[in-house]
Amino acid sequence: MTNKTGASETTAKDDLSQFEVRETCGCGGDHAPGAHHHDHAAPEDQGPKRTPLYDLHLELGGKMVEFAGYQMPVQYPLGVLKEHQHTRARAGLFDVSHMGQVILQSRQEDAAAAFERLVPVDVAGLQEGRQRYAMFTNDAGGIEDDLMIANRGDHLFVVVNAACKEADVARMRAALEPGVIVRLLDSRALLALQGPAAEDVLAELNPAVREMRFMDVATVELAGAECWVSRSGYTGEDGYEISVPAAAAVDLARALLAHGDVEPIGLGARDSLRLEAGLCLYGHDIDATTSPVEAGLSWAIQTVRRADGARAGGFPGAERILRELVEAPARLRVGLLPEGRAPMREGVALFADPDSATPVGQVTSGGFGPTVGAPLAMGYVPAAMAAPGTELFGEVRGKRLAVRVVKMPFTPANFKR
């Protein structure tokens, strides 16, 4: 099989050769699917895990912290502010190997059709070589996690958040096996190259990546390794996410870092970049109580899954979510610009006026936006107070400070459409 970029893509069978199964269960055990109950209890705690790039982070001077069960770099000697600015101006390299990479392969049931039982988006209509944003919902219409789904021919490739990885895999196995094989990959790392210079940098390793557009996926050889590449990311900038065999991850990272436009970027700048881009962080801006409509993610629910669509409903929480798409929810996620220099961080209560006794909303993410040059935040407010220009007041260290509702993103997206 060849892909639209002209990259040297192997057949999907070759892609999955290391995960070939016979008549075995999706857990990899040598027994028939459904022959036992999966026990996904966590093993005895042995401390934070390390990604394949751990030693490289130390070599580069990364300051390591525990995040989602992994030792991850929060910043490098360049510092969070300059790392943020460098990514916006040139290109930043992120280690996101803590994320969960999962393959769904049809067995007795079509994987795409089956996956629609778990998410409110159009999976069956996703074209080969394309990726889509989605979310797992619960029976109350809340979001259990947000994720990316890619159609890679004879299988789906799913990337989930690190903190939700075990729960997400258990959810998929319970809902999809034995008709669909669910495989959590532990033999691949995940890198993200983000910024306006990302295309030029990656094209030096393989020119085929220039032909990819936003949300394309392809198999591309990079630095001698077969990589699964998507043109996407979590910064609002153009860029790529690269799934690479773990054994080749350090060599690929070094090849990218050897370019004069690339710097390693840590979790600190990753957070400020995604905040300026108006992107949600699971467990903060979205969680199990937040519906996709409240969160401003209605764009991710295609018409075919909405009321009167060809495959309307059929996902957890459909009653609430479909109703809110028509009637609008009671609250909405909004962008917020404090009218001063003091940042309003997560947990700050929002009030309708300086003297109100009862808060009307709350900040879910906040900090300083280096590109914007000012503090910024996002949070939830009543729908009646969600119009841009609405003035509210956040309580910071006992003082009520003015904050204005604004449209997001705070800085324009630079995706290659």
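These lines cover the structure that appears in this document, whether it is placed above or below. The model shown is predicted, which means the values in this text are computed figures rather than measured ones.

Conventions used here
- Residues numbered from 1 in each chain as written.
- Predicted model: local features only at pLDDT ≥ 70, side-chain atom pairs only at ≥ 80, totals over all residues.
- Heavy atoms only, no water.
- Pairing = 2+ DSSP bridges.
- Helix = DSSP H or I, 4+ residues; strand = E, 2+ residues; numbered from the N terminus.
- Axes fitted to C-alpha atoms, helices over the stretch in contact; angles between N-to-C directions.
- Contact = heavy atoms within 4.5 Å.
- Salt bridge = Lys/Arg side-chain N within 4 Å of Asp/Glu carboxyl O.
- Buried < 20%, exposed > 50% of the residue type's maximum accessible area, 1.4 Å probe, protein only.
- Phe/Tyr/Trp six-rings, centres within 6.5 Å; stacked < 30°, edge-to-face > 60°.
- Parallel < 35°, antiparallel > 145°, perpendicular 65-115°, else oblique.
- Left-handed = near helix turned anticlockwise from the far one by under 90°.

Our focus in this paragraph is the sheet that holds strand β12 (residues 225–230). On the basis of which strands lie adjacent, the open sheet formed by 6 strands has the order β11-β12-β13-β10-β4-β14 and mixed pairing. The outermost strands of the open sheet, each flanked by one partner alone, are β11 (217–222) and β14 (262–264). Each adjacent strand pair in this sheet contributes to an overall mean axis angle of 30 degrees, direction not counted. The sheet contact formed by β11 and β12 spans 6 bridges and is antiparallel. If you follow Leu222 over to β12, its bridge partner there is Ala225. Each of β4 (91–95), β10 (188–194) and β14 touches helix α3 (residues 80–89); the most contacted strand, β4, lies at about 120 degrees to it.

This paragraph deals with the sheet that holds strand β17 (residues 361–369). Judged by pairing direction, the barrel is antiparallel, and its 6 strands sit side by side in the order β15-β18-β17-β16-β19-β20 before closing back on the first. Shown here is a sheet whose adjacent strand axes are inclined to one another by a mean of 45 degrees, direction ignored. Against the sheet, helix α8 (residues 267–276) touches β17 and β18 (374–382), its axis set at about 115 degrees to β17.

Before going further, it helps to examine the pattern of salt bridges. Scanning the entire structure with this criterion turns up 26 salt bridges. Across the pair Glu237 and Arg88 runs a salt bridge, and its minimum N-O distance is 3.2 Å. Residue Glu237 is found in the loop between β12 and β13 (239–245), and its partner Arg88 is found in helix α3; the two are separated by 149 residues along the sequence. Pair check on accessibility: Glu237 and Arg88 agree, each one buried. Notably, a salt bridge pairs Asp200 with Arg210, separated by 2.8 Å at the nearest N-O pair. Note that Asp200 is positioned in helix α6 (residues 198–203) and Arg210 in the loop between α6 and β11, a separation of 10 residues in sequence. Of the residues examined, Asp200 reaches a relative accessible area of 41% and is grouped as partly exposed.

With respect to burial, β10 is a largely interior element, 7 of its 7 residues being buried. Of the two faces of β10, the one carrying Arg188, Leu190, Ala192 and Gln194 and the one carrying Ala189, Leu191 and Leu193 are both buried. Relative to β10, β4 runs antiparallel, the two being bridged by 4 bridges. By the bridge assignment, Asp95 is partnered in β10 with Leu191.

On to the packing of aromatic side chains. Taken as a whole and judged by the stated rule, the model has 4 aromatic pairs. Between Tyr133 and Trp299 the ring centres are 5.4 Å apart and the planes differ by 25 degrees, which places this aromatic pair in the stacked class. Residue Tyr133 is located in strand β6 (residues 131–137), and its partner Trp299 is located in the loop between α8 and α9 (318–327); the two are separated by 166 residues in the primary sequence. On the basis of relative accessible area, Tyr133 is assigned to the buried category, the value being 13%. Both rings, one in Phe214 and one in Phe415, keep their centres 4.2 Å apart while their planes meet at 10 degrees; by these two values the pair is stacked. Placement of Phe214 in the loop between α6 and β11 and of Phe415 in the segment after β20 (399–406) is noted, with a sequence separation of 201 residues between them. Phe214 gets classed as buried once you look at its relative accessible area, which sits at 15%.

Further remarks concern α8. The buried count for α8 comes to 8 of 10 residues, which makes it a mostly enclosed element. Every buried residue of α8 is listed here: Leu267, Ala269, Arg270, Ser272, Leu273, Arg274, Leu275 and Glu276. Close packing links the buried residues of α8 with β2 (63–67), β3 (70–75), α3, β4, β17 and β18. Directly after α8, the chain includes Gly278, whose backbone phi takes a positive value near 70 degrees.

To continue, consider the side chain of Ser298. Turning to its location among the elements, Ser298 is positioned in the loop between α8 and α9. Each residue touching Ser298, except ones within four places of it in the same chain, is listed here: Pro292, Val293, Arg306 and Leu325.

Running from amino to carboxyl end, α3 crosses α8 at an angle of 50 degrees, the nearest separation of the two axes being 8 Å. By the angle class used here, α3 and α8 are oblique. Between α3 and α8 the crossing geometry is right-handed. Across from Val80, Glu83, His84, Thr87 and Arg88 in α3, the residues of α8 making contact are Gly268, Ala269, Ser272, Leu273 and Glu276.

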